[in-house]
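# Structural description and commentary
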Amino acid sequence: MAVKSAYIARKNGKSDKPAPSNSGFTAEEELHAYREMLLIRRFEEKAGQLYGMGFIGGFCHLYIGQEAVVVGMQMAQKQGDQVITSYRDHGHMLACGMDPKGVMAELTGRRGGLSKGKGGSMHMFSREKHFFGGHGIVGAQVPLGAGLAFANKYRGNDHVAVAYFGDGAANQGQVYETFNMASIWKLPVIFIIENNRYAMGTAATRSTAMAEQLGARGSAFGIPFEQIDGMDVRAVREAGERAVAHCRAGEGPYILEMMTYRYRGHSMSDPAKYRSKEEVQKMREEHDPIEQVKARILNGKMASEDELKRIDSEIRAIVTEAAEFAQNDPEPDASELYTDIYVNA
Amino acid sequence: MPSILMPALSPTMEEGKLAKWLKQVGDMVKPGDVIAEIETDKATMEVEAVDEGPLSAILVPAGTEHVKVNTPIAVIGAADAVPAPKTEVPKPAPATLAAPPVVTQSAPPEEANPTGTEMETMTVREAIRAAMSEEMRRDPEVFLMGEEVGQYQGAYKISQGMLEEFGPQRIIDTPITEHGFAGLAVGAGFAGLKPIVEFMTFNFSMQAIDHIINSAAKTLYMSGGQMGCSIVFRGPNGAAARVAAQHSQDYAAWYGHIPGLKVVMPYTAADAKGLMKAAIRDPNPVVFLENEILYGKSFEVPKGDDWIVPIGKARIARTGRHVTIVSFGISMILALSAAEKLAAEGIEAEVIDLRSIRPLDLPTVIESVKKTNRCVCVEEGFPQFSVTSELAAQVMTHAFDYLDAPVARVAGKDVPMPYAANLEKLALPNADEVVAAAKAVLYV
Ligand SMILES: Cc1ncc(C[n+]2csc(CCOP(=O)(O)OP(=O)(O)O)c2C)c(N)n1
Ligand SMILES: [Mg+2]
């Protein structure tokens, strides 16, 4: 069977050189992307800091380096499209418009957290913002996300569900169970593989067959796929728009493999001995998603240094306020131990 | 000469209808020839000859209903032959069916049975189907998904006719992909739909247990009350008959362990119907444990589509003052038959059908034990970390001062379910064990 594939072949087979985007952003879009990505970056840096100070416990997985993926995708979606992801979820929540104070207070386990302090870093949700978690079991969000798409199709609306998962999660059997169902039922779901090249300490090349082309796994199910430079927010949005249009037209699922990179360890407790400092440094210097936008803004004179500085300080203020709230908000009342186990019938 | 016996065409089949003869007396038959069609409660099946020769006699005419398994239905070869006790298809002789016949529950739960309610006789299968269909008519967001639920009409015919009524948008045949479709259904539940997920049997739910527990049961709590999931996971549970270890497990204790889940395990058709409707309407995830052997049993069920049995309420199936026997699901057969036997010896047992495993209706159990001062708990599942071990602990905690003897338990044996008929029978609890346990706590 010929697979209808929009696969963009890479020239040299190296995963740090995916196809570049030719699509331009308007000045407004560049500034929007800059702002959104910077909010995630600063928020995550602050979370790392609070973790170090003991305010945040447990696991805390930072999204630093991957910001262009969720921000670009969000720019391709419309109000009411659902988002679901793994435990590396702070960026997705902020991009969905969830309150940074509520996110940060959940990280510190306080009553003003988005899950009242009962979910923590890995488990937050917002019906209002159509964000369905935050899931701690690797791969679980993939069938769950297809279920959101199933509900859209069942109700006959034109919403699309976006399910994010990692290169490591791509080895979970349930992912392929889901590809199969999504394909036979033509579910409006976009599978975003955030290929940051590592699953904890395991490089994709060590754990994964055909690691240079994870999206191609969808071809066995007749699902179109593309591999995208996930460090370039324009390329992400452009591919996202193709995927969204495909889903909305009732053509079924779509896979986007986003080539990206996390700068920090897997979680706060990861010494990251499995890769070289040079590798990280090279990505930061040559591919940083925020620096790319910033350079375009300045070169294209879409805003001045001063105007960008003003955005930076606005964002710092938002993050500082969130951190202060998260440190001062009280812990949940002990009575909360026994609430929210059942919805009263 | 070989006689052809009514074959058992499923592990739990006891009788069937001889629908049609495809050969006439005098026809030559060869091994493999289809000679007749038989309708079971699940499907229409073909009977093949295994012997060669002329069909010399038809002993059961076409159209005969309720032909018991192993009844001679025809003779191949010389007509003068006495039907020999040869089996065409090995008869399963299900050990669980060796239990004394069910005392039909004529008294459905009193709390929901206003006097004058009209009753109808229904099998458990029909009751579950009626409950699902009624709820699907009432609420367009309810749908059924699972393997073979649609075109095939259900592996156990529970969903028979539902595809025709509700169409493929709402009766959804899935691939054999329990982990995946359970997760997908939970996602649809997060989005506000009300899925009913059928597991062909609960044994296969182990592939999906991550989504049942980690996704369905825990998300409400982890979301601070925002992200509930109204979903029913249902299907046959526990030992069927002669299907061995991987197909014969009782999951009541497994799911009963989990906060965030509700778990029910009805015995009667009335409870199956009323609890299924309650489960579908419940805003929480409900695990609904059915039993293949009970599917074909008939009970009286209140007529109409407003019959609901509340989750978390036990039912006093028989009143008595000497000993309390607590059970649920198919083990109620043992509990009730033990009560009969005890009654013959002048011992009046009070029998409680838990119906719900989580929440457990402890007040009903405790009240009864306070009256009888003795308690026997009966289940089919493995004995360790089981529903009955929980009951024993709770009764000890809440009724210690009322107990005249330690709580006794009768459960399945602590072994994987064996295949051999005699071993399977030994592995399952039986009514005599319940009688013995009752006598032990009565010191008689
Ligand atoms: C089913 C399961 N197995 C193992 C883990 C532990 N674990 C958490 S994250 C992770 C690595 C996942 O890597 P990837 O999917 O690439 O996502 P990334 O962390 O890179 O975003 C592992 C093994 C888990 N949470 N769930
Ligand atoms: Mg990864």
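Residues numbered from 1 in each chain as written. Chains lettered and ligands numbered in written order. Predicted model: local features only at pLDDT ≥ 70, side-chain atom pairs only at ≥ 80, totals over all residues.

Turning our eyes to something else, we now look at the overall build of chain A. For chain A, the helix and strand inventory stands at 11 helices and eight strands. The C-alpha extent of chain A, read off along each of the three principal axes, is 60 × 60 × 40 Å. (Helix = DSSP H or I, 4+ residues; strand = E, 2+ residues; numbered from the N terminus.)

Around ligand 1 sit 15 residues, and of these Val 138, Gly 166, Gly 168, Ala 169 and Ala 199 of chain A come closest. Considered class by class, the residues forming the shell around ligand 1 number six nonpolar, six polar and three charged. (Near = placed C-beta within 6 Å. Nonpolar A, V, L, I, M, F, W, Y, C, P; charged D, E, K, R; others polar.)

So, about the packing of helix H9 (residues 332-344) of chain B against helix H13 (residues 431-442) of chain B. Residue and element names in this part refer to chain B. Relative orientation of the contacting elements H9 and H13 amounts to 55 degrees, with a least axis distance of 8 Å. On the basis of their axis angle, the class for H9 and H13 is oblique. For the pair H9 and H13, the crossing hand works out as right-handed. Between H9, through Leu 334, Ala 335, Ser 337, Ala 338, Lys 341 and Leu 342, and H13, the contact on the second element is made entirely by Ala 431, Val 434, Val 435 and Ala 438. In terms of residue class, the contact of H9 with H13 is made up of eight nonpolar, one polar and one charged. (Axes fitted to C-alpha atoms, helices over the stretch in contact; angles between N-to-C directions. Parallel < 35°, antiparallel > 145°, perpendicular 65-115°, else oblique. Left-handed = near helix turned anticlockwise from the far one by under 90°. Contact = placed C-beta atoms within 7 Å.)

All right, on to the sheet that holds strand S5 (residues 44-48) of chain B then. All names here are of chain B. Reading across the sheet, the four strands line up as S5-S4-S2-S7 and stay open at both edges, with antiparallel pairing between neighbours. Each edge of the sheet is formed by a strand with only one pairing partner; in this case those strands are S5 and strand S7 (64-68). Averaged over neighbouring strand pairs, the angle between their axes works out to 40 degrees when direction is ignored. Sheet topology note: the strand S2 (residues 15-21)/S7 ladder contains three bridges and is antiparallel. By the bridge assignment for S7, Glu 15 is matched with Lys 68. (Pairing = 2+ DSSP bridges.)

Domain parsing of chain B yields domain 1 (3-92), domain 2 (110-302) and domain 3 (315-442). Taking the mean C-alpha position of each, domain 1 of chain B and domain 2 of chain B sit 35 Å from one another. (Domains from an automatic or database assignment.)

Residues that lie three or four places apart on an α-helix share one face, since the helix turns once every 3.6 residues. With 26 residues, helix H1 (residues 27-52) of chain A should cover 38 Å at 1.5 Å per step; its first-to-last C-alpha distance of 37 Å lies within 8% of that length. Two residues or fewer after H1 of chain A comes Gly 54 of chain A, characterised by a positive phi angle close to 85 degrees. (Expected span 1.5 Å × (residues − 1).)

As a further point, take the interface of chain B and chain A. With 35 residues of chain B at the interface, the matching set in chain A holds 33 residues. At the level of elements, helix H3 (178-190), helix H4 (209-217) and helix H5 (219-222) of chain B are the ones that each hand at least two residues to the side of chain B that touches chain A. With 10 residues, H3 of chain B is the single largest residue contributor to the side of chain B that touches chain A. Of the residues that constitute the side of chain B that touches chain A, the class distribution is 15 nonpolar, 18 polar and two charged.

The next thing to look at is the packing of H1 of chain A against helix H2 (residues 67-76) of chain A. Residues and elements named next belong to chain A. Interaxial distance between H1 and H2 falls to 9 Å at its minimum, and their mutual angle equals 135 degrees. The angle between H1 and H2 places the two elements in the oblique class. In terms of crossing hand, the pair formed by H1 and H2 is right-handed. Across the interface between the two elements, Ala 33, Glu 36, Met 37, Ile 40 and Arg 41 from H1 touch Glu 67, Ala 68, Val 71 and Met 75 from H2. Grouping the constituent residues of the contact of H1 with H2 by class yields six nonpolar, no polar and three charged.

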